[in-house]
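An overview of the molecular structure
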Amino acid sequence: MMVPVRCFTCGNVVGEHWEEFKTRAKEGDEDPETVLDELGVERHCCRRMLVSHKDLVDIVAPYQ
Amino acid sequence: MQDYEVEFVERGDREARFLVRDITPAFANGIRRAMIADVPTFSVDELRVVENSSVMFDEQIGLRLGLVPLTTPVDEFEVGDTVTLSLDVQGPGREESTETVTAYSGDIVTSDPMVEPADENIPIIDLKPGQRLELEADAVLDRGREHAKHQGGVAVGYRHLQRVEVVGEKGEFEDDEPHILRGVIEEQEAAHASAGSGGEPRNGELVPTEAFDHDLTNRYPGKDLEVVDVPNAFVFHVETDGSLSVDELVTRAVDSLRGRAEELRDAVQL
């Protein structure tokens, strides 16, 4: 639904990078690898949190 | 009291790497565990929800708020103390053109300016028109062993310091396979003339393996190498979630270890 606040595995705070990652890599045409490097999300456990995330609030909202 | 030699390889506010010499593996692990489990930090523990018409349940919001790191001043609070925070965000009105308003950790209002969200941009929940989130939250000071949300350290660990020695030249027809090594190496003077890329090795110089892409053949091309662990020298890698600085986390972890050691000494004294 919403992006997880922290990485499930190591506990690093990843939620704060989501919006920048989304505008630059998911909606923009930048390379996700370089965006994650620039954001300082180094470990592959934290990277998968952002790479594999999908916002579902818009999909769920009509069925409240 | 024994003094220990500490040398920083990298030093930042939230991330640092440092070398400690002449400590036993048991003591190194004690420091690591104290950093994870024994340094208390503030974290939201209880909510009083006034209104929540968002797409998430109260409990889910509570979990997300609990994971937001809160700054924790040193020596101001005792374990178990609480600080009240509040959050009040409303979805977009009819006149507004946007579809959603996001409640961020930065929208949290604190009753004590010393305890505030360490990061401002963590999305808590998206709110659609007509939705509203209003709540009061109690942040409690507690230790990592009670709940992972109270851990100040993130991915805290240590490795042996490794010493790289050049033992000879590689044979002419030997495979040039990469020699991957991670951590921090200590270079030897004997290697002086042989360095490939990067700076010239001086005796005892500490080089993080990132400097040569973790591949020793980049730094010592064509050399036959021997890598040994330096006994009782450990390189700690410490990261914090922002609730404390690295300095505070490490010194408070060591203080808690010392406190318990003194307690034990007093308890068994005749």
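Residues numbered from 1 in each chain as written. Chains lettered and ligands numbered in written order. Predicted model: local features only at pLDDT ≥ 70, side-chain atom pairs only at ≥ 80, totals over all residues. Heavy atoms only, no water.

**Brief notes about the overall build of chain B**
For chain B, the helix and strand inventory stands at four helices and 12 strands. At a minimum sequence separation of 6, the contacts of chain B that also span at least 24 residues come to 76%. Of the accessible surface of chain B, which amounts to about 14300 Å², a share of 45% is contributed by carbon and sulfur atoms. One way to put it: in chain B the 25 positive side-chain charges average out to a point 2 Å from where the 58 negative ones average out. (Helix = DSSP H or I, 4+ residues; strand = E, 2+ residues; numbered from the N terminus. Contact = heavy atoms within 4.5 Å. Areas by Shrake-Rupley, 256 points an atom, 1.4 Å probe, with all protein chains shown as cover. Lys, Arg positive; Asp, Glu negative; His and termini not counted. Charge placed at Lys NZ, Arg CZ, Asp CG, Glu CD.)

**Describing the confidence of the model for chain A**
Mean pLDDT over chain A stands at 93; residues scoring 70 or higher make up 100%. Across chain A, helix H3 (residues 44–51) of chain A holds the top mean pLDDT of 96, while helix H4 (residues 57–60) of chain A sits lowest at 88. (pLDDT = per-residue confidence, 0-100.)

**Some remarks on the side chain of B:Arg64**
Here B:Arg64 shows up in helix H2 (residues 58–67). One buried charge, B:Arg64, has no salt-bridge partner; the nearest side chain with opposite charge is A:Asp55, at 7.7 Å. In this structure the side chain of B:Arg64 is engaged in a polar contact, spanning 2.7 Å, whose partner is the backbone oxygen of B:Pro123. For B:Arg64, the residues in contact, after removing those within four places along its chain, are A:Met2, A:Val3, A:Pro4, A:Val5, B:Met56, B:Pro123 and B:Ile124. (Buried < 20%, exposed > 50% of the residue type's maximum accessible area, 1.4 Å probe, protein only. Salt bridge = Lys/Arg side-chain N within 4 Å of Asp/Glu carboxyl O. Polar contact = N/O pair within 3.5 Å; in protein donor to acceptor, adjacent residues only side chain to side chain.)

**Considering the side chain of B:Asp126**
With respect to the element layout, B:Asp126 can be found in strand S7 (residues 123–127). Here the side chain of B:Asp126 touches B:Thr102 through a polar contact of 2.9 Å, side chain to side chain. If we skip the residues at most four places from it in the chain, B:Asp126 touches A:Met2, A:Val57, B:Thr100, B:Val101, B:Thr102 and B:Gln131.

**Some remarks on the environment of B:Val44**
Residues and elements named next belong to chain B. As for its placement among the helices and strands, Val44 is situated in strand S3 (residues 41–52). For the pair Val44 and Glu172, spaced 128 residues apart in the sequence, the C-alpha separation amounts to 63 Å. If we ignore the near neighbours within four places in the chain, the residues touching Val44 are Leu65, Gly66, Leu70, Leu85, Ala137, Asp138, Ala139 and Lys149.

**As for a nonpolar patch on the surface**
On the surface, a cluster of nonpolar side chains totalling about 210 Å² of accessible area is made up of A:Leu56, A:Ile59 and A:Val60. With respect to the helices and strands, A:Leu56 occurs in the loop between H3 and H4. (Patch = residues over 30% accessible without salt bridge, like charges linked within 9 Å, V, L, I, M, F, W, Y side chains within 5 Å.)

**Things to note about the interface of chain B and chain A**
For interface size, the figure often reported is the accessible area lost on association. Listed per partner, the contact involves 26 residues of chain B and 19 residues of chain A. Both sides of the chain B and chain A interface together cover about 1900 Å² of buried area, and 56% of this is carbon and sulfur. It is B:Val55, B:Arg64 and B:Leu67 in chain B that bury the most area against chain A; as a group they hold 26% of the surface buried on that side. B:Asp241 serves as the salt-bridge partner of A:Arg6, at 3.0 Å between the closest nitrogen and oxygen. Our enumeration of links across chain B and chain A arrives at six residue pairs in polar contact (both at pLDDT 80 or more). Tallying contributions element by element places S7(B) first for the side of chain B that touches chain A, with four residues. (Buried area = accessible area lost by both parts, 1.4 Å probe.)

**Focus on the sheet that holds strand S1 (residues 5–11) of chain B**
All names here are of chain B. Taken in spatial order, the six strands of this open sheet run S1-S2-S12-S9-S10-S11, and their pairing is mixed. Looking at strand neighbours, the two that pair on one side only are S1 and strand S11 (206–208), the edges of this open sheet. For this sheet, the mean angle separating the axes of adjacent strands, direction not counted, is 35°. Here strand S2 (residues 15–21) runs beside strand S12 (residues 223–240); their pairing, made up of seven bridges, is antiparallel. Each bridged residue has a counterpart across the sheet, and for Leu19 the counterpart in S12 is Val235. (Pairing = 2+ DSSP bridges. Axes fitted to C-alpha atoms, helices over the stretch in contact; angles between N-to-C directions.)

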